[in-house]
Amino acid sequence: MTTTAPRPRLTKTPDAEHPVHGPRLPVRILPLTPAIVLLLLFLAGPIAYCVYIAFTDLQLTGQAQESFVGFDNFTRAFGDEAFLNAVWLTLVFTVLSSLIGQNTLGLALAALIQRASKPVRTLTGGIVVTAWVLPEVVAGFLLYAFFRREGTLNAILDWLHLPSQNWLFTLPILAVSFANVWRGTAFSMLVYSAALNEIPKEITEAAEVDGAGGRRRMWHITLPMIRRSIATNLMLNTLQTLSVFGLIWVMTRGGPGGRSQTLPLFMYEQAFQNSLIGYGTAVALLLLLVGSLFSLLYLRLLRTEV
Amino acid sequence: MTSRRTTRRLAADAGLLMVAAAFVLPLAWVVLSALDPHANLRVKTPDALTLDNFDAILTPEITFTPLLNSLLLCGGATLLTVVCAALAAYPLSRFRSRFNRPFLLTILFATSLPITAIMVPVYALFVRVDLIDTMQGTILFFAASQLPFAIWLMKNFMDGVPRELEEAAWTDGASAFQSLLRIVLPLMGPGVSVVTVFSFVMMWGNFFVPFMLLLTPDQMPASVSINDFFGNRGMVAYGQLAAFSIVYSTPVILLYVLIARRLGGGFALGGAVKG
C-alpha cells in the first residue's frame, strides 16, 4: 500500500457523497458527445472493421469485392514460416528491450540517481530523457548511424582493437533492441525514481543499522515495496514495445531477409507490399488481442489498488 | 559512516557517468554532424565548424513545408483533442452517475491499446469512406487516438478543482458551460497545458499514422518527409540529415522542458509512451 506507481488513479469525484443540484441530464450527456462520437467513429469503428476484414480476403488490387473466408487467414498465418518468424522476433525484441533492457536499466539508473551527486544526476537524467523525447524517426536515424558498419560503435571497437562487424546485417534484432532500450529507458527511470522516492527513509536506515548490506536491502526491502510499480511498468513497457514500428522501419526495414521483422512490420508488408489486406489485418487482430490482454492485466493491477 | 556514504556516492556517480557516456554518443553524432561540412556516420570533431548544412535544408521544399504540415496536423488534432477532452471530463468529474466508472475503465483500457495494430484496417476504412490522403481525416484519427489518455488526464486534473466555487457561480445563475469555461478551466490552467503539450508532442513524433494515411508528398509532415534524405536524393548528405533532425526535434524538446517539472513529480503518466 505504501508504493504507488505514477499512473492514472481511479478516484472518486471530490465529494461524490453530495449530489449537486443544478444541471440535469442533458448537461451531463451533451459534453460527452463530441468525444464519444470521435471515439466510436475513429477508434471503435476501425477495431470493429478490423475484426470484420480479418475474416475476408480483401486485397488492394484486382478484386472488386472481398468475400468471407472464415478462419483461413489465421490458419494460413500459423502455417506461414514468415509469420512464426515475426512472432519469435517480436518475443525476442520484447524480452530483450523491454523486460530486460528498459526495465532493469531503468531501475538501476533510478537506484543510482538516489545516491549520486546532484550535477551527475542532472546530467545523466537529462541525457536519458532527451533520448526519450526525440521523435521516433530521429531516434531511428541516430541509432542507424551508431550501428552502421562505418558508424560510431565500430569506431570505438576499432579503437579498442576489438573485432568490428556490420551490426545491422549480422545482428539486426539485437541492434533494434538496443535502439529501443536507448529510446525507452527514460520512462522506467522516471517510474522507478518516483517509486523509490516514496519509500520512507526510516525503513532503509533501520535495516542498515541492523546490518543489512546493500544487496540484501534491495532484495528484501526495496523490491517488495515497489513491486506494484514494477508490474505496471513492465506492462506499459511491453505494450509500448509491441507497437514499435518507426524505429525498426528506419533502421532495418525489418531486414535483412526478415531478420528484424517484428509483427507490426510483418503486418505492414503483407498488407501493402503483398497487397493482402485481409491477411495483414488478421495479423493486426492477433497483435491487438495480445495488446488487449496486457491492457486488461494492467487494469486489474490498478484495480487491486484502487 | 560519512566516508562510506562518500564512497557510495562516488560509485553511483561513476556508474551514472558510464551510462551517460553510452547514451550521449548518438546525440553527440547528430550535433557534431550538423555543424560539420564533411559529416559521415561516426562521431568525430568537425573538420571545420559551419552552418552550411542548416543553410542547405532551410528551404520551403525540405524544411518549411513539412514543418508547416506537422504544425497543421498536430495543432489541429491537439486543439480537437483538448476541447473534446475538457468537455468530456467535466461531467465525469462533476456529476455522479453509474455510467462513469464503466466509461472510465473503458477509456483507461483504450489508453494502452496498441494503435499500431489498427493502422491497416484504418487505411482500408479510410479508402472506403474517401478520407485517405486528406489532412482532415488524419487530424480526426490523430485526435481520436490521443483522446482516451487526454480524457484521463483532464479528469484527474479537474478532480483537483474544488467544487464550491462553481456552486457559487451556479447560484449566481451561471450555466454549467459558463462555469466550466470561466471557473474550472482557468483554475486548472497548468493541467490543461500539460494535456495540450503532451498530446502535441506525441503526435509531432508519430511516424506511422501519417505514413499510412497521407500519400501526397506535399502533405507530408516532417516525421515522414525525413525519409526522403535516404531514398530519393541519391547520396545521403549526413550533415543535412543531422541538421534537419535537430530542427525537427527542437520544438518537442523545448515543450518537454516546459512541462517536465509536472511530468517528473510522480505525475500520472500511465500509457504515456505508446509508439
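Here the structure is a predicted model, which is why all the values come from computation and not from measurement. (Residues numbered from 1 in each chain as written. Chains lettered and ligands numbered in written order. Predicted model: local features only at pLDDT ≥ 70, side-chain atom pairs only at ≥ 80, totals over all residues. Heavy atoms only, no water.)

(A) Examining the overall build of chain A more closely. From N to C terminus, chain A includes 15 helices and zero strands. Looking at chain A residue by residue over its 306 residues, the buried ones come to 57%. (Helix = DSSP H or I, 4+ residues; strand = E, 2+ residues; numbered from the N terminus. Buried < 20%, exposed > 50% of the residue type's maximum accessible area, 1.4 Å probe, protein only.)

(B) Structural view of the domain arrangement of chain B. Residue and element names in this part refer to chain B. Its domain assignment divides chain B into domain 1 (1-49) and domain 2 (69-264). Its C-alpha centre places domain 1 at a distance of 33 Å from the equivalent point of domain 2. Taken together, the eight residues of domain 1 in the interface contact six residues of domain 2. Interface area for domain 1 against domain 2, summed over the two sides, is near 520 Å², with a carbon-plus-sulfur share of 85%. The interface formed by domain 1 and domain 2 includes zero residue pairs in polar contact (both at pLDDT 80 or more). Tallied by class, the residues present in the side of domain 1 that touches domain 2 amount to six nonpolar, two polar and no charged. (Domains from an automatic or database assignment. Contact = heavy atoms within 4.5 Å. Buried area = accessible area lost by both parts, 1.4 Å probe. Polar contact = N/O pair within 3.5 Å; in protein donor to acceptor, adjacent residues only side chain to side chain. Nonpolar A, V, L, I, M, F, W, Y, C, P; charged D, E, K, R; others polar.)

(C) Summary view of the interface of chain B and chain A. Chain B puts 97 residues into the contact, and the matching count from chain A is 108 residues. Buried surface at the junction of chain B and chain A, summed over both partners, amounts to about 9,300 Å²; 77% is from carbon and sulfur atoms. In this assembly, chain B and chain A are joined by zero salt bridges. Viewed at the interface, chain A and chain B are joined by 10 residue pairs in polar contact (both at pLDDT 80 or more). (Salt bridge = Lys/Arg side-chain N within 4 Å of Asp/Glu carboxyl O.)

(D) Inspection of the UniProt feature "domain: ABC transmembrane type-1" (unreviewed entry) in chain A at higher detail. Under the UniProt annotation, "domain: ABC transmembrane type-1" (unreviewed entry) lies at residues 88-298 of chain A. Secondary structure within residues 88-298 of chain A divides into 81% helix and 0% strand; the distance between the first and last C-alpha atoms comes to 23 Å. (UniProt positions renumbered as here; feature names shortened; annotations may be inferred.)

(E) Inspection of the confidence of the model for chain B at higher detail. Residue and element names in this part refer to chain B. Confidence in the prediction of chain B, expressed as mean pLDDT, is 86, and 92% of residues score 70 or more. The model gives residues 270-275 a pLDDT under 50, and that stretch makes 29 contacts with residues more than four places away or in other chains. Complex prediction metrics read pTM 0.87 and ipTM 0.87. (pLDDT = per-residue confidence, 0-100.)

(F) Representation of the UniProt feature "transmembrane region" (unreviewed entry) in chain A. All names here are of chain A. Look at the UniProt record and you will see "transmembrane region" (unreviewed entry) annotated at residues 32-55, 86-113, 125-147, 167-192, 234-256 and 276-299. Here residues 125-147 is 91% helix and 0% strand, with 23 Å between the C-alpha atoms at its ends. Measuring from the first to the last C-alpha atom of residues 276-299 gives 34 Å, for a span that is 96% helix and 0% strand.

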